[in-house]
Amino acid sequence: MNNIWVKNIFRSLLWCLLLMPLSIKADIVYPARLELQEIQPGVFVVYFVLPVIQGKVLKAAPVFPEFCSYLEDPKVTGNAYVKEMRWTLQCDQKELYGQSIGISGLLGSQINIILQVNTLEGREYSTTLNPAAAWFEIPYPPSGWDLITNGIYKGMRIPVSNYLFALLLFILILKKDIPAKKTILLLSTGIIAGHLLSYFELLRTPGWIFGLSALLLSLLLAVEKFAPEKWLFKERALILPLLVSTIFLGAQHSEPNTLSGFTSAETTLLMFWTLSGILLGVVLLFLLFRQGLALLSLVLNKELHDLRETYTLLGTLSLGLLIYHASLLWETPSLFPTIPLVLWTLTLMMVTGGLLIKRDQRNFRSYYLIIALFTGIILCYIGLQIPFVAEFTMAMSVLFLIIRYFPSDNSGWISTILMIVIGLGSGLFLAQYTDRYLSYPIARSVEFALILIYLAAVVVPLMSWVSQRQQINTSRISLTQILTVLAVIMVGAIAIHRAGFSLEDLHLQPQLQAPLLSLGLLVAAILFWPRRKKVHKDMGIEKQKPALSLLLLGLSLCCLPVKTGMNNPWFSTANMDQKQIQAVMQQVLSNTYTAFNIEDEEALYEALSSNVDEQLLDNMYLDSRRRLTMGLREGSEVTVEEVRVNLLGHAETPSGESGLSYPASWTVTARVKHLKHIHYRRNRYTGTIEMKTDNDTWKISKIILDSEDREVIPSATL
């Protein structure tokens, strides 16, 4: 019986030890590295760094080939964290190829050592040595034949190894919509363009994007066979989505700008042969499928492109694969690109307007829009900044729809000019958005632009085909009317959001910033809307077109940023409940922290003085600036994104009728941008905040901080 009790006690103690959280302490460890920099032919400067751990240095030493000799004794320096050694080494560069460089004394340790060798020829070798792999053999320089074979092999694998590309190419060959030479040139050009854009870091695409785009095209091409006439894709309409889809394929197989052990000339030659391999792979795959189809036709004594069963099989296969690949986005929606709602709305309006343009003119004018879109992206990144570009572009889109709905003799060239302006505005807005919120902004701008172009290029022919079917069936409500109503709803939602109108916060601000000019133009648009009275109907007078009203509606969108200050009749400091007090505090804190986003110091001080008491202003400015930028690298840009009051306690001390003193905890989320990388920092504060009213304005009069915690958050998790 006693033995059972003893065993249970020992088991309980063991479980307690296993579940007990352990506190781990460690010294600051600097990375160990060994660098060899050639300064003269056969002469290298060696730099060897070892970390100091708990006051001890690992007894490790570099090992070079036997023919290498020391030209001087190592010079030892360092501090409490690292031990540094420098010396000069004589090694014949040609004899160094095929030899090994390593580190002795790593066995039994957990230290990795970065090895880097730079030669005068421009070759750079970089690797990491560890106790399990403590040696690195310097490879021989690649020969011309190696560059040819490796480049062609890498290039051919891009089209040949992708079964979704093979499926798309097979359907294109079967349907014969595009001539053979043009098909090969189009597909090769797209893959090469995507590969080059990704190589120069001008395009970054998710791994799933090509699969979905290729399968959607394959499905539509297979379904088109069952249409009574060829209304979906003609040759010109098929070029753009095919080109964009293959660009996505080429961007998936990117390579680093500099390859280990390659000079710049060898890297350029390898790229040339890789691009040649892409072209060769497309040609071989095309010839293989075409000859295979010809052989099957001879065996079956039937033309496969005339058999509906063939397209049924291909369409079913494409649909099944499309659902399978799309399930990834259903399970993890965060993988979908974060394209802003403004761009989706502009795309919808351009699609709606495109349906109102004749088919023979649609493709030609769409290229103006695409060129203007990328021109706007380029102009933004070379320094052009236009305020309120989103509002202006949406207003131009509304005007474009008005002109397309009510065409005139001059509507053709006016529509073309508006499409160019809309493309420029969309490109500027897209570049501003990615530069502000995303890492690798140029690459993300090109990615988002290509996604929108692809969707528009697929949706416009599809919607045009549906519209023609509606005309045959004499449907009362056309597809363009449905898309127009949807676009108007989206524009209205964006307008309300950008106007900053919120019923919940209406009673929290002593001053209201109302877009009175936009409201006046909206009222005028309603008043001038043409009405057809009964007398007009009896007299046979046709109803006038609402061109003026629609023009006023577009102008009201342009004038949304123009706001007029006015006293808030619903604002009152008396009889506020706990929820209203928390909302007021969050509003004042948000105004205070977001004031630091202003670059002009005078404007920043003016914004702070509107929310902070004069006696606290200087201290608040210096302390908040220090806390927001604490621990950041030089050159980092910090932008406050969100301020949220998490908890608001009850009043500790009464502060009079116009003052509030409450314990609170709040969170400040800021975006940190350094070079091409963007991440977010979340600062959590606990303390006591005192506010008072000054000329019917809430201001912070005192802040006492009790604690502060900082957390780094990747942008993908928000």
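Since this is a predicted model, take the numbers as computed values, not measurements.

**Some thoughts on the state of the cysteines**
(1) Moving on: The final tally for this structure, using the stated rule, is one disulfide.
(2) Moving on: Between the sulfur atoms of C68 and its disulfide partner C91 the distance amounts to 1.8 Å. Disulfide C68 to C91: torsion about the S-S bond roughly 135 degrees, handedness right-handed. One end of the pair, C68, is in the loop between β4 (61–63) and β5 (69–70); the other, C91, is in the loop between β7 (82–90) and α2 (93–96), and 23 residues separate them in sequence.
(3) Moving on: You can call C68 buried: its relative accessible area is 13%.
(4) Moving on: The class of C91 is buried, set by a relative accessible area of 2%.

**Describing a negative patch on the surface**
(1) Moving on: Taken together, the side chains of E599, D600, E602 and E637 present a region of like negative charge at the surface.
(2) Moving on: Note that E602 resides in helix α20 (residues 601–609).
(3) Moving on: Residue E602 is classed as exposed on the basis of its relative accessible area of 66%.

**Focus on the packing of helix α3 (residues 144–160) against helix α8 (residues 264–300)**
(1) Moving on: Where α3 contacts α8, the axes come no closer than 6 Å and their chain directions differ by 45 degrees. As summarised for this structure, α3 and α8 are arranged oblique, according to the angle between their axes. The way α3 lies across α8 gives a crossing that is right-handed. Listed contacts from α8 to L147, I148, N150, G151, I152, K154, G155, M156, I158, P159 and V160 of α3 are E266, L269, L270, W273, T274, G277, I278, L280, G281, V282, L284 and L285.
(2) Moving on: Among the residues forming the contact of α3 with α8, the class breakdown is 15 nonpolar, six polar and two charged.

**Focus: the confidence of the model for the protein**
(1) Moving on: On average, residues of the protein carry a pLDDT of 78, and 77% of them reach 70 or more.
(2) Moving on: The weakest mean pLDDT in the protein belongs to helix α1 (residues 2–19) at 48; the strongest belongs to helix α5 (residues 180–199) at 93.
(3) Moving on: Ignoring residues within four places in sequence, the model shows residues 13–30, a span with pLDDT below 50, making nine contacts including any to other chains.

**Let's talk about the side chain of E447**
(1) Moving on: Positionally, E447 belongs in helix α14 (residues 441–472).
(2) Moving on: Classification of E447 as buried rests on a relative accessible area of 2%.
(3) Moving on: For E447, the contacting residues outside a window of four places in its chain are L203, R204, T205, P206 and P337.

**With respect to helix α16 (residues 516–527)**
(1) Moving on: Compared with the 16 Å implied by 1.5 Å per residue over 12 residues, the 16 Å span of α16 between its first and last C-alpha is a close match.
(2) Moving on: Turning to α16, its buried residues number three or more, namely S518, L521, A524 and A525. Relative to the axis of α16, the buried residues are bounded by an arc of 120 degrees and lie together on one face. Opposite its buried face, α16 presents the exposed residues I526 and L527, each directed more than 90 degrees away.

**Overview of the packing of aromatic side chains**
(1) Moving on: By the definition in use, this model includes eight aromatic pairs.
(2) Moving on: Residues Y433 and Y437 carry aromatic rings whose centres are separated by 5.1 Å and whose planes lie at 45 degrees to one another, so their mutual orientation is tilted. One end of the pair is Y433 and the other is Y437, both in helix α13 (residues 411–437) and four residues apart, which spans about a single turn.
(3) Moving on: The class for Y433 is buried, based on a relative accessible area of 17%.
(4) Moving on: When its relative accessible area of 23% is taken as the criterion, Y437 is described as partly exposed.
(5) Moving on: One aromatic cluster in this structure is built from W208, F336 and W344.
(6) Moving on: Here the basic side chain of R86 rests over the ring of Y47, its NZ or CZ set 4.0 Å away from the ring centre.
(7) Moving on: Lying over the aromatic face of Y440, R204 brings its terminal NZ or CZ to 4.1 Å of the ring centre.

About the criteria used
Residues numbered from 1 in each chain as written. Predicted model: local features only at pLDDT ≥ 70, side-chain atom pairs only at ≥ 80, totals over all residues. Heavy atoms only, no water. Disulfide = S-S within 2.5 Å. Helix = DSSP H or I, 4+ residues; strand = E, 2+ residues; numbered from the N terminus. Buried < 20%, exposed > 50% of the residue type's maximum accessible area, 1.4 Å probe, protein only. Patch = residues over 30% accessible without salt bridge, like charges linked within 9 Å, V, L, I, M, F, W, Y side chains within 5 Å. Areas by Shrake-Rupley, 256 points an atom, 1.4 Å probe, with all protein chains shown as cover. Salt bridge = Lys/Arg side-chain N within 4 Å of Asp/Glu carboxyl O. Lys, Arg positive; Asp, Glu negative; His and termini not counted. Charge placed at Lys NZ, Arg CZ, Asp CG, Glu CD. Axes fitted to C-alpha atoms, helices over the stretch in contact; angles between N-to-C directions. Parallel < 35°, antiparallel > 145°, perpendicular 65-115°, else oblique. Left-handed = near helix turned anticlockwise from the far one by under 90°. Contact = heavy atoms within 4.5 Å. Nonpolar A, V, L, I, M, F, W, Y, C, P; charged D, E, K, R; others polar. pLDDT = per-residue confidence, 0-100. Expected span 1.5 Å × (residues − 1). Arc of directions from axis to C-beta. Phe/Tyr/Trp six-rings, centres within 6.5 Å; stacked < 30°, edge-to-face > 60°. Lys NZ or Arg CZ within 6 Å of the ring centre and 35° of its normal.

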